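Remarks on the overall topology
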Amino acid sequence: MSRANSRDRQLRERAEAVIPGGMFGHQSVGLLPDDYPQFFARSDGAHITDVDGNRYLDFMCAYGPNLFGYGHPDIDAAFVRQLGQGDTLTGPTALMVELAEALTAMITHADWAIFCKNGTDATTMALSAARAHTRRKKVIRAKGAYHGAAPWCVPRPAGTIDTDRANQIFCDYNDVASLEAAVAEAGDDLAAIFAAPFKHDAFIDQADPDLAYAKRARELCDQTGALLVVDDVRAGFRLVRDCSWSRLGVQPDLSSWGKCVANGHPISVLLGSNKARKAAAAIYVTGSFWYQAAPMAAGLETLRLIRETDYLERITGLGERLRAGLTERAAAAGFGFRQTGPGTMPLFLFDDDPDLRKGFCFASEMLERGVYVHPWHNMFLCAAMTEADIDGALDAAEASFGELKTQVRDLAPVEKLAFLSAGAR
């Protein structure tokens, strides 16, 4: 590879001394190709630049928060203006009320809002509110679904104990019979059914929600008195200008939001219907920075752009352009190349690639050509992208498929992902 990465390597060595594992959470590159940068220096629009000065078209969009473009002038101006007046204060500003009013006006099922900082905050509050409302313990969620990094839902067990995950029943996403069996197992102790807006588990093909599954989840909650929770932290405002399951005609009782609510400025939110209002008022939740005014100002401007611009139609069109172009180029190179999920949140996987060695090679070749893609996590499009950006990415993909074709027979196993093929056996 020709890209310089000396600064990045130096920072990794320093980080090893002062940060456990060198990095933590989803921003770690431990399960990415070895040439992927860990540290970045700046961003603009649809692009990021690493600490060694390499600039990339960014299909991760900061793992989702970048909806309108890094450094969007109107959103950032609203943020900075409010900083000049006050941000973390002894009490909230009027912006908190205004943002709650704006969200409840936009989201069909929502009558109230509670603000927080992370998606995990919002999903955990949904869990607490559902239990407070029903005075029951058990919750149902789909196998492999990600709802955050609190002990009750974190995907890695280190540091957790059995009781952290007690009273949870798992079903298969889109499998009505599995969902019904889980409800039967819960009996009269079911507090909530958690649902992802679509199946966006890592390492496997994504899947749209089946209408029968979504409707049955709503019916079962109505029959049992449990609350239906849609976790829209990742997909919110990337599929529709409402809760994601509204496109199916299914409204939840609670929904969790984050990532692009303020285009990257730190704020998340739990939205709920009046059914759960009393319970939401009863639980105790708080945080030193949950009431910051500047992110709320950014959120109000982001919501205005969501309402008043054609951002969704544009990123949908760009996603279709990207998908069609990649299908054509992969086929021309002779590869089975699967693109799943919404066009605005695509995932790329190769056929006959159990340890992702093809995916790793392709991703590295794309990176070499200035395009940051992810080999096993869903990606994101943002409104700052252009047709020229997509066409440039397709040119990079054509060259990357060509390079992969020359290397594919000699690719070594990806040892860091050996658990994938081991699990398949």
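No experiment lies behind these values; they were computed from the predicted model shown. (Residues numbered from 1 in each chain as written. Predicted model: local features only at pLDDT ≥ 70, side-chain atom pairs only at ≥ 80, totals over all residues. Heavy atoms only, no water.)

A look at the overall build of the protein
- The helix and strand tally for the protein stands at 12 helices and 13 strands.
- Here the protein has a C-alpha radius of gyration of 22 Å; the compact-globule value for 425 residues is 22 Å, and the two agree.
- By its C-alpha atoms, the protein is 60 × 55 × 45 Å across when sized along the principal axes.
- Scored against the burial criterion, the 425 residues of the protein give a buried share of 55%.
- Looking at the protein alone, contacts between residues at least 24 apart form 76% of all its contacts between residues at least 6 apart.
- Within the structure as shown, the protein displays about 18,000 Å² of accessible surface, and the carbon and sulfur contribution to it stands at 52%.
- Separation between the mean location of the 44 positive side-chain charges and that of the 54 negative ones in the protein comes to 4 Å. (Helix = DSSP H or I, 4+ residues; strand = E, 2+ residues; numbered from the N terminus. Rg over C-alpha atoms; globule rule 2.2 N^0.38 Å. Buried < 20%, exposed > 50% of the residue type's maximum accessible area, 1.4 Å probe, protein only. Contact = heavy atoms within 4.5 Å. Areas by Shrake-Rupley, 256 points an atom, 1.4 Å probe, with all protein chains shown as cover. Lys, Arg positive; Asp, Glu negative; His and termini not counted. Charge placed at Lys NZ, Arg CZ, Asp CG, Glu CD.)

Quick look at the layout of surface pockets
- Its boundaries defined by the atoms lining it, the second largest pocket holds a volume of some 300 Å³.
- If you trace the second largest pocket, you find 16 residues lining it, with Pro33, Asp34, Phe360, Cys361 and Val414 closest to the centre.
- No other element matches helix H10 (residues 357-368), which puts 5 residues into the lining of the second largest pocket.
- Residues of the lining of the second largest pocket, tallied by class, amount to 8 nonpolar, 2 polar and 6 charged. (1 Å grid on protein atoms, 1.4 Å probe; cavity = no way out; pocket = protein on both sides within 12 Å on 5 of 7 lines; lining within 4 Å. Points joined across faces, edges and corners; volume = space filled by probe spheres on them. Nonpolar A, V, L, I, M, F, W, Y, C, P; charged D, E, K, R; others polar.)

Quick word on unusual backbone geometry
- The backbone phi angle of Cys61 is positive, close to 50 degrees, even though this residue is not glycine.
- Considering the arrangement of structural elements, one finds Cys61 in the loop between strand E3 (55-58) and helix H2 (73-85).
- With relative accessibility at 0%, the residue Cys61 sits in the buried group.
- Residue Leu356 is not a glycine yet carries a positive backbone phi of 65 degrees.
- For Leu356, the position within the fold is in the loop between strand E12 (347-350) and H10.
- Owing to a relative accessible area of 6%, Leu356 belongs among the buried residues under this scheme.

Points about the sheet that holds strand E6 (residues 168-171)
- Within the open sheet, the 7 strands sit side by side as E4-E10-E9-E8-E7-E5-E6. Their pairing is mixed. With one partner strand each, in any of the chains shown, strand E4 (112-116) and E6 form the two edges of the open sheet. Here the strands of the sheet are splayed against their neighbours by 20 degrees on average, with no regard to which way each runs.
- In this sheet, strand E10 (residues 268-272) lies alongside strand E9 (residues 254-257) in antiparallel orientation, the contact comprising 4 bridges. The residue bridging Leu254 from the neighbouring strand is Gly272, located in E10.
- Sheet strands in contact with helix H4 (residues 119-134) are E4, strand E5 (138-142), strand E7 (190-195), strand E8 (227-231), E9 and E10, and its direction is about 150 degrees off that of E7. (Pairing = 2+ DSSP bridges. Axes fitted to C-alpha atoms, helices over the stretch in contact; angles between N-to-C directions.)

None of this, on its own, says anything about what the molecule does.
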